[in-house]
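Read off the chains here:
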Amino acid sequence: MLRLALSMGFNVADTYVSNDLLALAQLHEQGEWVAKPVTGGAYCTPLAAHEITGNNILSYPQIVQRRLVSPELRVFRIGNAWFGFLIQADALDYRSASATRMQVVDVPGDLVEKLACLSDHLGLDFAAADFKTDPHTGEWQFLEINTNPMFAGFDQVAAGALSDALLTYLGLLQE
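I will try to describe carefully the structure that is included in this document. Since we're looking at a predicted model, the values are computed, not measured.

Rules and cut-offs
Residues numbered from 1 in each chain as written. Predicted model: local features only at pLDDT ≥ 70, side-chain atom pairs only at ≥ 80, totals over all residues. Heavy atoms only, no water. Buried < 20%, exposed > 50% of the residue type's maximum accessible area, 1.4 Å probe, protein only. Helix = DSSP H or I, 4+ residues; strand = E, 2+ residues; numbered from the N terminus. Arc of directions from axis to C-beta. Pairing = 2+ DSSP bridges. Axes fitted to C-alpha atoms, helices over the stretch in contact; angles between N-to-C directions. Contact = heavy atoms within 4.5 Å.

### Some points on helix α5 (residues 161-169)
Phase 1 of the analysis: Looking only at α5, the buried set comprises L162, A165 and L166. Each buried residue of α5 sits inside an arc of 100° when the element is viewed along its axis, so together they form one side.
Phase 2 of the analysis: Phi for G171, located one or two positions after α5, is positive at around 80°.

Next up, the structure:
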């Protein structure tokens, strides 16, 4: 997905997928990197130094990226409607933060255009894409597109606008 996003003009942080402990150790020594298991279900954490033992291979690969910073941007697509949320948290992964601040924002036009192409290419009329800030350039970096995104917390911040858009798109609510 990251390669596809890159080919469609998105900024994508340097990314490696590996279970090679020696390669991960070299990245750890080169600066600030974060890791998340390919299997999912875990928060993003700073890339840690692993003890090199046995065959030097983790039991599952890690997605390793250059560390990005807050704020984050989540963009929902519901049909032809776009909803943006700016997310600010002190934690690396906002889902683990004790205090996360979210607000509704306009989605930058260039992102709408690129996300429309990406989600159309993938056949998605309902999705959410996540972006985080490059600490050196301040530009949005594409992280992922979710085909079944959690939205209840975002819907609450938007006073039910996501639910209304879903119901309208499904023809269950008149505009």
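### Here we look at the sheet that holds strand β7 (residues 100-105)
Phase 1 of the analysis: Strand order in the open sheet formed by five strands is β7-β6-β5-β8-β9, and the pairing between neighbours is antiparallel. Each edge of the open sheet carries a strand with a single partner, namely β7 and β9 (140-146). The mean inter-strand angle of the sheet, taken between neighbouring strand axes irrespective of direction, is 25°.
Phase 2 of the analysis: Set on the sheet, α5 makes contact with β5 (69-78), β6 (81-89) and β8 (126-133); between it and β5 the angle comes to about 25°.

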